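# Overview (structure and organization)
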Amino acid sequence: MTNAQATDKHPGELADVPGWFPPLDQMLFTWFLDQQKKAGIKGDLLELGVYMGKSAILLGHHLQDGERFTVCDLFEGDAPDGANQAEAAKSYASLTQQAFERNYLSFHDTLPTVITGPSSLVSGRVAADTCRFIHIDASHLYEHVYGDIGAAHDILLPEGVVVLDDFRSEHTPGVSVAAWEAVLNRGLRPICLSTQKLYATWGDPEPLQEELLQMLRQRSDVGLSVQEAAGHRLIRARSRGMKPPSFPPSRHYVEPVAAAAPAPEVSEARAARPARPAPSRARRLAKDLLPPVVTRAVRRARAKRS
């Protein structure tokens, strides 16, 4: 992972917000949230670890009436232990709550509920069985991810979806261990795997998997495979040149100015040729009055003289 740099500019589009949120996951977030809406599933949204707000902005766009969106991040605060502090200083030195709020409010009228501090605070601030969608992208250390998964289990509705970021990146082995341990020993059931994220539930994944497979098989920009492991069906999706799904621009969006069309080129020979003088009024009048036979005779005489 490389450090994305913060900017002081208001984003015009979601792509202008720094962060790691590939088009494939933007599409999958949108699909899962839309499916919940179609199924009439109501519940709150929760994100642990927001960085500059890229995925939070998308999540906030899917809030339904009466739902609550909560985010949690350290921002400039102190980490709960030395290892977490070193992780934050290395990867998130440019993160500030002000930058997150500026980006989020560029797309939305109000902020979500913001918990400033470690993700361990969430279980005391968000009630059990209230969320339909949880995105975990906070600390990558095993102990913290283990706790985040436990909190998500209690907070998530039975049919809710939890998404674990960086579950198989080489620099985040703690997430991998905690994620697959939850699958093998804590009842977490995978729905699908993207290049970066594990989408799962503690409910029955099969109905969602069938609908997801039907959707993915109709797309030419997704590589798809299905495997079985330890009694779990694993749907694997990868991008094939996928473009991000459409998303409303921010209030600061400026329409690009179309470039003026270049003037047609004029050849050197044509440019040097003198312009033909306009015919005189008398000549135009004679042309209109003389019969065609006389006009042709005059033309032949002129041709002989030349």
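Note that the structure is a prediction, hence the values are computed from the model and not measured.

### Overview of the overall build of the protein chain
Per the secondary structure count, the protein chain includes eleven helices and nine strands. Excluding contacts between residues fewer than 6 apart, the proportion of contacts in the protein chain whose partners are at least 24 apart in sequence is 70%. Accessible surface for the protein chain amounts to roughly 17,100 Å². Of this, 52% is attributable to carbon and sulfur atoms.

### Overview of the packing of helix α1 (residues 23-38) against helix α8 (residues 206-216)
Where α1 contacts α8, the two axes come as close as 12 Å, and the packing angle between them is 130°. In terms of their interaxial angle, α1 and α8 are classed as oblique. When you trace α1 past α8, the crossing you get is right-handed. Only L208, E211, L212, M215 and L216 of α8 make contact with α1, whose side of the interface consists of M27, L28, W31, F32 and Q35. A class-by-class count of the residues in the contact of α1 with α8 yields eight nonpolar, one polar and one charged.

### Considerations on the packing of aromatic side chains
Going through the model one piece at a time under the given rule, you end up with twelve aromatic pairs. Measuring from ring centre to ring centre gives 5.3 Å for F32 and Y199, while their planes differ by 15°; the resulting arrangement is stacked. Residue F32 is located in helix α1, and its partner Y199 is located in strand β7 (residues 197-201); the two are separated by 167 residues in the primary sequence. Between F69 and Y104, the aromatic rings sit 6.4 Å apart at their centres with planes inclined by 45°, giving tilted as the arrangement. Here F69 is found in strand β2 (residues 69-73), whereas its partner Y104 is found in helix α4 (residues 97-107), with 35 residues between them in sequence. Taking the relative accessible area as the measure of exposure, Y104 reaches 2% and is therefore buried. Through successive ring pairs, a cluster of aromatic residues spans F21, F29, W31, F32, F133 and Y199. One cation-aromatic arrangement involves R186 over Y146; the distance from NZ or CZ to the ring centre is 3.7 Å.

### Observations regarding the packing of helix α6 (residues 142-155) against helix α7 (residues 173-185)
Packing of α6 against α7 leaves a shortest axis separation of 8 Å and a crossing angle of 35°. Seen along the crossing, α6 lies across α7 with a hand that is right-handed. Every residue of α7 that contacts α6 at Y142, V145, Y146 and I149 is listed here: G174, V175, V177, A178, A179, E181 and A182. A per-class count over the contact of α6 with α7 returns nine nonpolar, one polar and one charged.

### Digging into the environment of F133
Relative to the elements of secondary structure, F133 occurs in strand β4 (residues 131-136). The buried category is assigned to F133, whose relative accessible area is 0%. Taking C-alpha positions, F133 is 9.4 Å from F29, a pair spaced 104 residues apart along the chain. Excluding residues that lie within four positions of it along the chain, F133 makes contacts with F29, F32, L33, Q36, D44, L45, L46, L59, L156, V161 and V163.

### Section: α4
All buried positions along α4 are accounted for by A99, F100, R102, N103, Y104, S106 and F107. The inward-facing, buried residues of α4 abut α2 (54-60), β2 and β3 (113-116).

### Remarks on α6
Given a rise of 1.5 Å per residue, 14 residues ought to cover 20 Å, and the 20 Å separating the end C-alpha atoms of α6 matches this to within 8%. Those residues of α6 that sit buried are H144, V145, D148, I149, G150, A151, A152 and I155.

Calculation notes
- Residues numbered from 1 in each chain as written.
- Predicted model: local features only at pLDDT ≥ 70, side-chain atom pairs only at ≥ 80, totals over all residues.
- Heavy atoms only, no water.
- Helix = DSSP H or I, 4+ residues; strand = E, 2+ residues; numbered from the N terminus.
- Contact = heavy atoms within 4.5 Å.
- Areas by Shrake-Rupley, 256 points an atom, 1.4 Å probe, with all protein chains shown as cover.
- Axes fitted to C-alpha atoms, helices over the stretch in contact; angles between N-to-C directions.
- Parallel < 35°, antiparallel > 145°, perpendicular 65-115°, else oblique.
- Left-handed = near helix turned anticlockwise from the far one by under 90°.
- Nonpolar A, V, L, I, M, F, W, Y, C, P; charged D, E, K, R; others polar.
- Phe/Tyr/Trp six-rings, centres within 6.5 Å; stacked < 30°, edge-to-face > 60°.
- Buried < 20%, exposed > 50% of the residue type's maximum accessible area, 1.4 Å probe, protein only.
- Lys NZ or Arg CZ within 6 Å of the ring centre and 35° of its normal.
- Expected span 1.5 Å × (residues − 1).

Function cannot be inferred from these measures alone, as they are strictly geometric.
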